[in-house]
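Chain by chain, the residues run as shown.
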Amino acid sequence: MNRYICIHGHFYQPPRENPWLETVEVQDSAYPYHDWNERIAAECYGPNALARILDGEGRIERIVNNYARISFNFGPTLLSWMETRTPEVYGAVLAADRLGRERFSGHGGALAQGYHHMILPLANRRDKRTQILWGLADFEHRFGRPAEGFWLPETAVDIESLEILAELGVRFTLLEPLQARRFRPLIAGKDGDWQEARGALDSRVPYRLNLPSGRTLDLFFYDGAISRSIAFDGLLANGEALVGRLLGAFSSAPENGRPELVHIATDGETYGHHHRYGDMALAYALRRIEEDGAVDLTNYGEILERHPPEMEVEIAEDTSWSCAHGIERWRSDCGCSTGGQAGWNQAWRAPLRAALDGLRDELAVSYEAAAGEIFADPWAARDGYVEVLLDRSEESVGGFLSRQARGDRGDLGEAERSRALKLLELERQTLLMYTSCGWFFNDLAGIETVQVLRYAGRAVQLAQELFGDPIEERFLTRLEKAKSNLPEEGDGRRIYERHVRPSFVGLPQVAAHYAVTSVFEEMPRRARVYCYSVECQEDRRFVAGRARLAFGRLRVASEVTAEAARLSFAVLHFGDHNVNAAVREHESEDEAYERLVEEAGRAFERADFPQVVRLLDRHFGDVPYSLKSLFRDDQRRLLDRILAATRDEVEAEFRQLYRRHGPLLRFLSDLESPLPEEFRVPAELVVNADLKRALAAPGADLAEVRRLLDEARALGLKLDGAGLGYALGQGLGHLIGRLRERPDEPGLLERLETAATLAVSRPFEADLWSTQNVYYELLQTLYPERRARGEAGEEEAARWVERFRVLGERLRVRVE
C-alpha cells in the first residue's frame, strides 16, 4: 500500500509559573478552573488521552488514546507541569509514544521541541544551541529514546538552527509549504533543474535539505489548506467531513505508483480547547482511516524508513507558519496580531526585543566572567544545566556541579554552590524571557508580555545579588521606549514597575509568608513553601481574645539556588484580616530579640497593642508585611477562611429578605414584571447557595434540586451554571471513585444514578469526563465478572448489573 495519512498536533502552552515560586498561581480568567493550564488540560490534553468514539445513538462505544495514532510534540515546560499536576494524562502521553513504536515499525509518534518556545532565527547561536540541547535532553529523559524529529517553535526556521539540529542527530522537522523556496529531484545535478516552490511544491512527499556543512536534514511540508480548514474553518465539526477531506487529497493517479503521504499540522489545542469535541472528531477520523483498506496511518519516522526522500529542497529563511511577513510578528509592527481595539499597534515589539537583547548581552558578559571562576566551561555548564531542571535532588545537583567545576576547585562550599546555581538560574531566566508568546498578542501590557518581563525581572534581581550592578535602571531606560496601547498602562518602564517589581520575592518574603500563615493555621516545623524549604527552629505564641502575637526563628532555603538564611519574625494579628508582620536576619546569639519577646509579650498580655507595635518597629525597623504579602493561592485560601463567617452573616440576612418577600417576588413573576435589583440579588445568592449545598450532599436530593431550579426559572434568576456544573462533576467523580474502591457499598449506585441524571439536565454543564472514564474502566474489568455471576443465578449480582446498566445509560456509555 502506497497511500499514507499522518496527523501532527503541536501541544504547547507558554510557561505560566511565577519565576520566584516555580508554580502557576491562580488565574481568575480560567474559572471555574484554577489556571489556564488546568483548564486546557481538562478541555484538550485529557480528552485526547481518553477520546470518545460514539455509536449511532450518541453513546460512548470505545475510549481510545488519540496520541498513540498521531504524530505529536509537547512543549517541555508543559510536560513538566503535567508530570506533577495531571500525572494520569502525562502517563498516557508517554505510553502513546511506546504504543506508536509498536504500531509504526519502531518509530514513536513524539517529536522534541525547542525548550522555551523561543523564535530560534531571532536568537544568537549560543541560545539556539542551548534551546535545542535542552529540548532533546528533556525528550530523551521523558520518552526514553533519542528524538528522531524536532518541532521548531512557530516553525520559524533558518539555516543555522537546522545545522544545529543535524549536528545533534535530528533526522527531520516539519514546515509550512510556503517555507520552501525551490526544489528539484535529488539526483539532479544542475542548478537549472531547480523549480520555484510557491504553488508547485507537492506536500505529499518528503524532501532532503543539503546543508552548507555537508550534513543533511529531511523536511516535511504539511498540507496547508487542510490544516487551516481544521484550525479556522470548522472542519472538525464533522468527523466524516474531515476524513473525506484527507482522503480527497491523494492524487487520482499517482505518478509511477509513487507513495503519497497526506499530512497536516495544527496546534494540538485545536482538538478540544479551540474546537469543542475536536478530540472526538479526531478519534472518529483515525478509526475511519484505519478501517479504510486503501490507506495506512503512519508517522514521519516510519515513512522515512519506508520511502526516503527523492526530492531536494531549499528553504525560505526567516519564515514561520503564523506570520505572513516571515518572523516579523516577534520583532516589529508587521500587522499580525490577535485583534485589539481600533487604532492599536504593535510598535512596542521592536523596543521590547531591543531591551531584552541588551539585558541578555550585558548579563552574558558578567555570567561568563563569574562562572569562569567556578566552571571549566561556563557555556557548557549552561547547556548541561537541563540535568538539574529534570532532577533537583541533592545527589543530582551535587553530581552536576562536580562534573562541571574547574579541576582546581575541588568540592564547592555552601556559598560557592549557591553562587554557581544562581549564575545558572540567571541564564535560565534570560532564556525564558524570550518565550514567543510575549510578542504574539496585542499589547505590551498583556498577560503574556508581562510574564516575559517577570522572567526579565528575576534575571535582574539575580544579577544585582550576584554582581552588585544596578543593571535594572539601564534595562528600564531601554524598556520605556516600548509604549502600551492603553494610556493607563503607559510605557514598558511603568508596566515593569507596576506589574513586575512588586512580585519580587526573596528569603524574607518567604519567611513572612510562613509567619503570617502560621497565625491562621498550624504549620509544620519543617514546611515546603513552593520552591523553598522552611525550618521553624523556635516558636512562641501569645493569645488575648481574638488577638494573637507570634515570634519565631526560621531557617529558609531556596530549593533552586540553595541560598539560605536564618531569620526571626514577629506577627501581630488583631483578628479578621488585620495582620502586621516583620522579618529580619537573626544572629545566633541575639539578646535584643530575647528582650523583644519578653517586653512585647508583657505588653500584649496587658492588651497594650500600641506598645507592641512600637516595640516591633524599634526591633525590626519596619513592619511591612500583612495579608497582602501572602503568595496568591494561600492569600485566597486564607481570605476565604476569614470571610466565611462574614459570608454566612450576609447570606443569613439575604435569606431572611428572600423568605420575607418571597410571595411578592412570585407575584411580580406572575405579572411577568422584572424583579427590582434589590430583590433579585438576594434571591440569586440564596438559590445558588442552596443549589450548591444540595449538589454537594452525599446523596443529592433530586426533588429539592428540581424545586430550586423551578424557583429560579419562575423568578428569572441567573444561575452560576459553570460553577454548579463544576461542583456536580467533582461530586460525581468522587462517587465513581468510591464505586471503584467499594463496589458493593449499599445505595452507592443509586446515588450515582441520581447525580448523573442531574448532570445531563439544564442548566448544568457538568464535566462527566473523569466519571465516564472510571465507568468505562469498570465496564471492562468488574462488569463482565458481575454479569457472569448474575447469569449464573446470583440475585445480588444481577441487581448490581441492572443498576450499573442504568447508570451507563445516564452517563451515555454503551453497555453490551
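See the structure printed just above.
Residues numbered from 1 in each chain as written. Predicted model: local features only at pLDDT ≥ 70, side-chain atom pairs only at ≥ 80, totals over all residues. Heavy atoms only, no water.

Caption draft 1: The sheet that holds strand β15 (residues 526-529), seen in detail. Taken in spatial order, the five strands make up an open sheet running β15-β16-β17-β18-β19, and their pairing is antiparallel. Each end of this open sheet is capped by a strand with a single partner; those strands are β15 and β19 (578-585). Going from strand to strand, the sheet's axes swing by 30° on average, the running direction of each strand aside. Pairing of strand β18 (residues 564-575) with β19 involves eight bridges; the strand directions are antiparallel. (Pairing = 2+ DSSP bridges. Helix = DSSP H or I, 4+ residues; strand = E, 2+ residues; numbered from the N terminus. Axes fitted to C-alpha atoms, helices over the stretch in contact; angles between N-to-C directions.)

Caption draft 2: Examining the pattern of salt bridges more closely. Summed over all chains, the structure comprises 90 salt bridges. Measuring nitrogen to oxygen at the nearest pair gives 3.7 Å for the salt bridge that ties Arg 59 to Glu 57. Note that Asp 491 and Lys 483 form a salt bridge whose closest N and O atoms lie 3.9 Å from each other. For Asp 491, a relative accessible area of 18% corresponds to the buried category. Through salt bridges with shared partners, a single ionic network connects Arg 125, Lys 128, Arg 129, Asp 158, Glu 160 and Glu 167. (Salt bridge = Lys/Arg side-chain N within 4 Å of Asp/Glu carboxyl O. Buried < 20%, exposed > 50% of the residue type's maximum accessible area, 1.4 Å probe, protein only.)

Caption draft 3: Molecular detail of the sheet that holds strand β11 (residues 216-221). Read from one edge to the other, the open sheet built from six strands follows the order β7-β11-β10-β14-β8-β9, with strand pairing classed as mixed. Strands at the two margins of the open sheet, each flanked by one partner only, are β7 (172-175) and β9 (195-196). In this structure, strand β8 (residues 180-185) lies alongside β9, joined through two bridges in antiparallel fashion. Paired with Arg 182 across the bridge in β9 is Glu 196. The strands touched by helix α5 (residues 159-167) within the sheet are β7, β10 (207-210), β11 and β14 (311-315), with β11 carrying the most contacts at an inclination of about 115°. (Contact = heavy atoms within 4.5 Å.)

Caption draft 4: Structural context of the state of the cysteines. In the structure shown here, the tally under the stated rule is zero disulfides. A disulfide-free cysteine, Cys 336 has its sulfur positioned 3.9 Å from the sulfur of Cys 334, the nearest such atom. For Cys 336, a relative accessible area of 12% translates into the label buried. Here Cys 437 stays unpaired: no disulfide links it, and the sulfur of Cys 323, its closest cysteine neighbor, is 15 Å away. (Disulfide = S-S within 2.5 Å.)

Caption draft 5: Focus on helix α26 (residues 748-759). The terminal C-alpha atoms of α26 lie 16 Å apart, and with 12 residues this matches the ideal 16 Å at 1.5 Å per residue to within 8%. Here α26 has its buried residues at Leu 748, Leu 749, Leu 752, Glu 753, Ala 755, Ala 756, Leu 758 and Ala 759. Tucked inside the fold, the buried residues of α26 contact α23 (677-696), α24 (702-715), α25 (721-741) and α28 (795-810). (Expected span 1.5 Å × (residues − 1).)

Caption draft 6: How the structure looks around unusual backbone geometry. Cis geometry is found at the peptide bond from Tyr 31 to Pro 32, where omega equals 10°. Position of Pro 32 among the secondary structure elements: in the loop between β1 (3-11) and α1 (36-49). Not every positive phi belongs to a glycine, and His 117 is a case in point at roughly 55°. As for its placement among the helices and strands, His 117 is situated in the loop between β5 (110-113) and α4 (125-143).

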